[in-house]
Amino acid sequence: MLHLNSSNTMVRLIFLLKFTTVLFSMVNSSLPEDPINCSSTNRNCTITNSYGAFPDRSVCRAAEVAYPTTEEELISVVATATMSKRKMKVATRFSHSIPKLVCPDGEDGLLISTKFLNRTLEIDRERMTMSVESGVTLRQLINEAAKAGLALPYAPYWWGLTVGGMLGTGAHGSTLWGKGSSVHDYVIQIRIVTPARPEEGHSTARTIVSGHPDLNAARVSLGVLGVISQVTLQLQPLFKRSITFSVKHDVDLGDQVARFAYQHEFADMTWYPSQRKVAYRIDDRVSSNVSGNGLNNFIGFRSTVSAVLAILRTTAEENQEFKGDADGKCIIGELTASTLIISAYGLTNDGIVFTGYPVIGFHNRLQASGTCLDSLNDGRITACPWDPRVKGFFFHQTAFSISMSKVKSFIQDVQKLIKLEPKAMCGVELYNGILVRYVKASNAYLGKQEDAVDFDLTYYRSKDPMSPRLYEDILEEIEQIGLFKYGGLPHWGKNRNVAFEEVIKKYEKAEEFLKVKDMYDPLGLFSSGWTDKVLGLTDGVTIVKEGCALEGLCVCSQDIHCAPSKGYFCRPGRVYKDARVCTR
């Protein structure tokens with residue numbers, strides 16, 4: 001049994017574990033589990049996400065799963081389900097969306113996995129286009145494009161997303177340059193399999209090309225239009241980038257955030273609010289003649305020894321939460337930040353060692369990472385840090401975009417809260433602070449409505465849904481200030497229920513999207529109770545029950561009192577000091 005008798009002992013232990021994590025994070029890990037599990041061959045199934053829990057902790061069931069390997073098989077699967085008016089949902093290989101987008105209604109639904117729709121169909125070097133099936137992962141896309149001397153200019157930072165999944169949720173990288181950072185804005189053609197009339201065979205594959213208004217619906221679809229089978233993307237010639245991280249005080253972050261967007265093409269920021277510092281990513285294209293073979297292997301996406309994960313979860317999170325040890329969280333938050341900063345967040349100059357800035361290399365080696373997907377079955381001795389089969393990280397994620405015209409005021413509001421309680425965000429810093437990215441306005445009906453700054457917060461989640469977190473009141477205040485006071489748009493693939501309350505009212509062309517939805521799937525076979533609520537077709541997404549505020553399942557108002565035990569900012573300026581219940 002491990003006994004920690006002093007804070008110095010704790011710090012030494014955590015430093016050793018952090019160092020061990022970095023040192024051994026190149027080893028192979030157990031391959032992430034398929035999110036679909038069936039009690040018999042492809043029947044009586046459950047589906048979850050890669051974190052093992054949906055926001056409401058419910059279990060999603062389906063009667064059956066289909067694994068089509070060609071578009072023809074996919075058309076047949078959809079036709080058979082349409083004939084029997086069966087609910088359908090699309091699932092991906094790694095299932096990284098947090099909300100319940102993959103859950104069909106009831107237990108009689110059908111899951112359609114794109115796991116084997118994973119081929120590159122065509123690369124046209126002259127036109128600089130690439131056509132792929134929707135189950136192709138970001139990693140495959142990046143590597144296959146690079147072999148042809150081409151590049152997808154902007155993308156999310158995690159390899160384990162599929163092309164269909166990125167379009168379904170509006171996934172993005174960081175830039176306000178060019179067409180912006182959203183992958184869907186580089187799509188020039190989509191083939192999507194939808195239900196159809198009996199005389200059309202109950203299913204059809206629609207081709208939607210640039211210039212067709214339906215493309216603006218299909219680019220960000222939430223999976224409710226049908227199954228995307230093929231996607232054609234407009235690419236660019238492969239290029240090199242130069243990356244330097246510069247750490248500064250956050251005193252002028254409100255002013256810098258808009259300025260920095262236009263100074264560097266791939267700019268982003270990592271904000272450590274309790275430490276009052278920001279790591280600015282100075283990241284630009286350079287000539288391909290500049291020497292350098294840099295590689296991005298982000299530490300947080302590497303394989304980690306499961307025993308190390310268990311000790312970190314117990315000592316750096318659960319024990320400190322139980323004891324209310326805010327000071328301990330702040331110490332470890334600072335240690336985490338300094339470890340990542342010193343190690344350049346996993347960047348190396350030659351693929352092996354970091355020797356100093358700038359790190360220069362080809363775009364395909366720097367734009368994303370995720371080596372915990374390079375896995376051998378080692379009995380879970382090592383794993384991705386969030387793998388639910390081991391005792392590792394278990395967290396909430398809140399991600400929303402604030403328009404450029406309002407972002408300075410939002411940042412200043414957060415800084416005011418930190419002045420009131422300087423230790424409040426140390427728990428977020430255990431997960432590498434707040435990732436700040438840039439997202440450009442999009443023509444997609446459910447895309448970003450204005451040029452915006454995206455704030456991505458990851459923080460502790462208890463295995464006990466009735467257990468409040470340290471400084472939950474401040475975290476909830478920030479979440480609700482961003483979403484309600486400043487009208488932030490939630491990331492479709494992240495967030496808790498509260499972020500999606502009446503969200504459809506924030507999209508100017510939501511009605512246009514719903515018209516396309518009704519045309520492509522008039523019976524709503526690809527919709528569910530969850531997506532109907534998100535799209536405003538039925539009552540809201542809030543779940544009113546005991547403890548709902550603790551999991552972000554309810555939105556507080558004049559007549560709904562939701563409160564963790566220490567006082568909870570249900571709306572900016574309103575404080576409830578009741579116990580952990582939600583009652584009408």
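The sections below set out a description of the structure shown in this document. (Residues numbered from 1 in each chain as written. Predicted model: local features only at pLDDT ≥ 70, side-chain atom pairs only at ≥ 80, totals over all residues. Heavy atoms only, no water.)

**A few points about the side chain of Asn495**
Here is step 1: Following the sequence through the fold, Asn495 ends up in the loop between β24 (489-490) and α13 (510-520).
Here is step 2: Residue Asn495 is classed as buried on the basis of its relative accessible area, which comes to 1%.
Here is step 3: Within the structure, Asn495 has its side chain in polar contact with the backbone oxygen of Ala399 (distance 2.8 Å).
Here is step 4: Polar side-chain contacts of Asn495 include one of 3.0 Å to the backbone oxygen of His491.
Here is step 5: Those residues within four positions of Asn495 in sequence are excluded, and the remaining contacts are Pro55, Ile98, Pro99, Gln397, Thr398, Ala399, Pro490 and Phe500. (Helix = DSSP H or I, 4+ residues; strand = E, 2+ residues; numbered from the N terminus. Buried < 20%, exposed > 50% of the residue type's maximum accessible area, 1.4 Å probe, protein only. Polar contact = N/O pair within 3.5 Å; in protein donor to acceptor, adjacent residues only side chain to side chain. Contact = heavy atoms within 4.5 Å.)

**Concerning the packing of aromatic side chains**
Here is step 1: This model, assessed by the stated rule, comprises 22 aromatic pairs.
Here is step 2: Ring centres 4.9 Å apart and planes at 80° place the aromatic pair Phe298 and Phe301 in the edge-to-face group.
Here is step 3: Feature note: the residues Tyr51, Phe393, Phe395 and Tyr431 constitute an aromatic cluster, connected by ring pairs.
Here is step 4: Here the guanidinium or amino end of Arg241 rests over the ring plane of Phe266, the centre of that ring lying 4.1 Å away.
Here is step 5: Sitting over the ring of Phe394, Lys463 keeps its end group 4.0 Å from the ring centre. (Phe/Tyr/Trp six-rings, centres within 6.5 Å; stacked < 30°, edge-to-face > 60°. Lys NZ or Arg CZ within 6 Å of the ring centre and 35° of its normal.)

**Comments concerning the pattern of salt bridges**
Oppositely charged side chains can pair when the atoms bearing their charge come close.
Here is step 1: A complete count under the given rule lists 35 salt bridges for this structure.
Here is step 2: The shortest N-O distance in the salt bridge between Asp56 and Lys100 comes to 3.0 Å. Placement of Asp56 in the loop between β2 (43-47) and β3 (60-66) and of Lys100 in the loop between β4 (88-91) and β5 (110-113) is noted, with a sequence separation of 44 residues between them.
Here is step 3: Judged by its relative accessible area of 17%, Asp56 falls in the buried class.
Here is step 4: Looking at Lys100, the relative accessible area reads 19%, which means it is buried.
Here is step 5: Where Glu318 meets Lys391, a salt bridge forms, and the shortest distance between an N and an O atom there is 2.9 Å. Of this pair, Glu318 sits in helix α7 (residues 306-323) while Lys391 sits in the loop between β20 (382-383) and β21 (395-403), and the two are 73 residues apart along the sequence.
Here is step 6: Residue Glu318 is classed as partly exposed on the basis of its relative accessible area, which comes to 22%.
Here is step 7: Among the charged side chains, a network of salt bridges with common partners joins Arg469, Glu472, Glu476, Glu479 and Arg496. (Salt bridge = Lys/Arg side-chain N within 4 Å of Asp/Glu carboxyl O.)

**Structural notes on the state of the cysteines**
Here is step 1: Enumeration over the complete set of coordinates arrives at 4 disulfides.
Here is step 2: Two residues, Cys38 and Cys45, share a disulfide whose sulfurs are 2.1 Å apart. Between Cys38 and Cys45 the disulfide shows an S-S torsion of about 95°. By sign, it is right-handed.
Here is step 3: Taking the relative accessible area as the measure of exposure, Cys45 reaches 1% and is therefore buried.
Here is step 4: Each disulfide pairs two cysteine sulfurs, and for Cys60 the partner residue is Cys103, the sulfurs being separated by 1.9 Å. (Disulfide = S-S within 2.5 Å.)

**Focus: the sheet that holds strand β23 (residues 452-460)**
Here is step 1: Taken in spatial order, the 8 strands line up as β19-β13-β15-β14-β22-β23-β21-β24 in an open sheet, and their pairing is antiparallel. Lying at the two open borders of the sheet, with one neighbouring strand each, are β19 (359-362) and β24.
Here is step 2: Pairing between strand β14 (residues 268-272) and strand β22 (residues 434-439): 3 bridges, direction antiparallel. Bridge pairing in β22 links Met269 to Val436. (Pairing = 2+ DSSP bridges.)

**Some remarks on the sheet that holds β5**
Here is step 1: Across the sheet, 5 strands lie side by side as β1-β2-β3-β5-β4; this open sheet has mixed pairing. A single partner strand is all that each edge strand has here, and the edge strands are β1 (36-40) and β4. Adjacent strand axes in the sheet meet at a mean angle of 40°, parallel and antiparallel pairs treated alike.
Here is step 2: Taken together, the 4 bridges between β4 and β5 define a ladder with parallel strand orientation. Among the inter-strand pairings, Ala91 is bridged to a residue of β5, identified as Ser113.
Here is step 3: Strands β3, β4 and β5 of the sheet are contacted by helix α2 (residues 71-83), whose axis makes an angle of about 170° with β5. (Axes fitted to C-alpha atoms, helices over the stretch in contact; angles between N-to-C directions.)

**Focus: the packing of helix α10 (residues 407-420) against helix α12 (residues 472-485)**
Here is step 1: Taken N-terminus to C-terminus, the directions of α10 and α12 make an angle of 160°; their axes are 11 Å apart at the nearest point. The angle between α10 and α12 places the two elements in the roughly antiparallel class. In this structure, the crossing between α10 and α12 has a hand that is right-handed. Between α10 and α12, the residues in contact are Phe410, Asp413, Val414 and Leu417 and Ile474, Glu477, Ile478, Ile481, Gly482 and Lys485, respectively.
Here is step 2: In terms of residue class, the contact of α10 with α12 is made up of 6 nonpolar, 1 polar and 3 charged. (Parallel < 35°, antiparallel > 145°, perpendicular 65-115°, else oblique. Left-handed = near helix turned anticlockwise from the far one by under 90°. Nonpolar A, V, L, I, M, F, W, Y, C, P; charged D, E, K, R; others polar.)

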